[in-house]
Amino acid sequence: MTTTPHDRTAELPGRPPVVDLATWQAARDELLVREKAHTREGDAIAAARRRLPMVEFDGTVEVVGPDGPVPFLDLFEGRDELIVYKHMWYDGAPHQGQCEGCTTTAWHMKDAVYLNARGVSFAIVTTGAWDEVASFVDFMGYTQPWYSVRDVDEPVGGDMGYLTCYLRDGDRVFLTYSTTGRGNEPVNGSLGLLDMTPYGRREGWEDNPSGWPEAPEAGAPVGGHGSPICWYWRTDADGVATWGPTGRPVPQWTRPGATPVETLGRQGHGH
């Protein structure tokens, strides 16, 4: 059955103009030129990234994992390349009090099987004490390798919230690249998909058409993300953005076995 579209002359308030398919395709083709230029510039930046100088450091420095202290070299798992996400940590905070941005990033990188097949290992490190970290990892159901780098200097430890890349040549280890902030976005594929949607990310900084739905207001957020905030940072059990006592990083609502009553009632580190 064929349906008849609404009168195209009746514009929708606060929306882009409604046009026929041919007009849309012409506008889409025009935007595609810019997208291709953006892709080529990204390729050029990646080429420059591969030519950055390296920093050699002691790969025998110890980090702490489920089997106790191990040399950083072990994180390569015998491969030549390693990507590490440095997860922020708040000592003594309950699970729902850990960094919402880092929690979201880690949740999107559920495994590294494809990276492994390409000769790249992946691990997450954080400055938390291992007993707290282990409890959090178990609570979230994470399967990635996690390690504590408490009291370990850069480039293994240091500031958290970074994606960092390393190269191994036998027993020699090198820092090759590091990025933070929006540089971490490649891990979170959902952001790229949201950028393709009409409403985008619903973040306060976005340039949207006049009358577009505004980003959710959620009071004064912590962590410096700005207000209004993007909805995915913290919500209550109903998905409403909140920074109050019932809010937690969104992935905690979708972790294995989570229920609103059980999750809201959890205040400590254990089960």
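Residues numbered from 1 in each chain as written. Predicted model: local features only at pLDDT ≥ 70, side-chain atom pairs only at ≥ 80, totals over all residues. Heavy atoms only, no water.

Looking up the protein in an unreviewed UniProt entry gives the name DUF899 domain-containing protein, with the organism given as Streptomyces sp. R11.

This next bit is on the overall build of the protein. When you go through the protein residue by residue, the secondary structure sums to seven helices and ten strands. Looking at the 271 residues of the protein, the share that counts as buried comes to 37%. Once local pairs closer than 6 in sequence are excluded, the contacts in the protein between residues at least 24 apart make up 57%. Per element, the accessible surface of the protein, about 15,600 Å² overall, is 57% carbon and sulfur. (Helix = DSSP H or I, 4+ residues; strand = E, 2+ residues; numbered from the N terminus. Buried < 20%, exposed > 50% of the residue type's maximum accessible area, 1.4 Å probe, protein only. Contact = heavy atoms within 4.5 Å. Areas by Shrake-Rupley, 256 points an atom, 1.4 Å probe, with all protein chains shown as cover.)

Turning our attention to the pattern of salt bridges. What the rule picks out here adds up to nine salt bridges. E56 is the salt-bridge partner of R172, the closest N and O atoms lying 2.7 Å from each other. Separated by 116 residues along the polypeptide, R172 in strand β8 (residues 172-180) and E56 in strand β1 (residues 55-57) bring together distant segments of the chain. Among the residues examined, E56 registers a relative accessible area of 41% and is labelled partly exposed. Note that R150 and D91 form a salt bridge whose closest N and O atoms lie 2.8 Å from each other. Remark: D91 occurs in the loop between β4 (81-87) and α2 (100-108) and R150 occurs in the loop between β6 (146-148) and β7 (162-169); sequence separation between them is 59 residues. (Salt bridge = Lys/Arg side-chain N within 4 Å of Asp/Glu carboxyl O.)

As a further point, take a negative patch on the surface. Together, D151, D153, E154 and D159 make up a region of like negative charge exposed at the surface. With respect to the element layout, E154 can be found in the loop between β6 and β7. A relative accessible area of 56% means that E154 is categorised as exposed. (Patch = residues over 30% accessible without salt bridge, like charges linked within 9 Å, V, L, I, M, F, W, Y side chains within 5 Å. Lys, Arg positive; Asp, Glu negative; His and termini not counted. Charge placed at Lys NZ, Arg CZ, Asp CG, Glu CD.)

Taken as a whole, this structure holds ten aromatic pairs when the rule is applied. When the centroid spacing of 6.1 Å and the interplanar angle of 90° are considered together, the rings of F72 and F76 count as edge-to-face. Side by side, F72 and F76 carry an identical accessibility label, which is buried. Measuring from centroid to centroid gives 6.1 Å for F136 and Y142, while their planes differ by 65°, and the two rings are edge-to-face. One exposure class covers both F136 and Y142, and it is buried. Pairwise contacts between aromatic rings join W89, W107, F136, Y142 and W146 into one cluster. Above the face of the Y177 ring, R49 is positioned so that its terminal group lies 4.9 Å from the ring centre. Lying over the aromatic face of F139, R255 brings its terminal NZ or CZ to 3.8 Å of the ring centre. (Phe/Tyr/Trp six-rings, centres within 6.5 Å; stacked < 30°, edge-to-face > 60°. Lys NZ or Arg CZ within 6 Å of the ring centre and 35° of its normal.)

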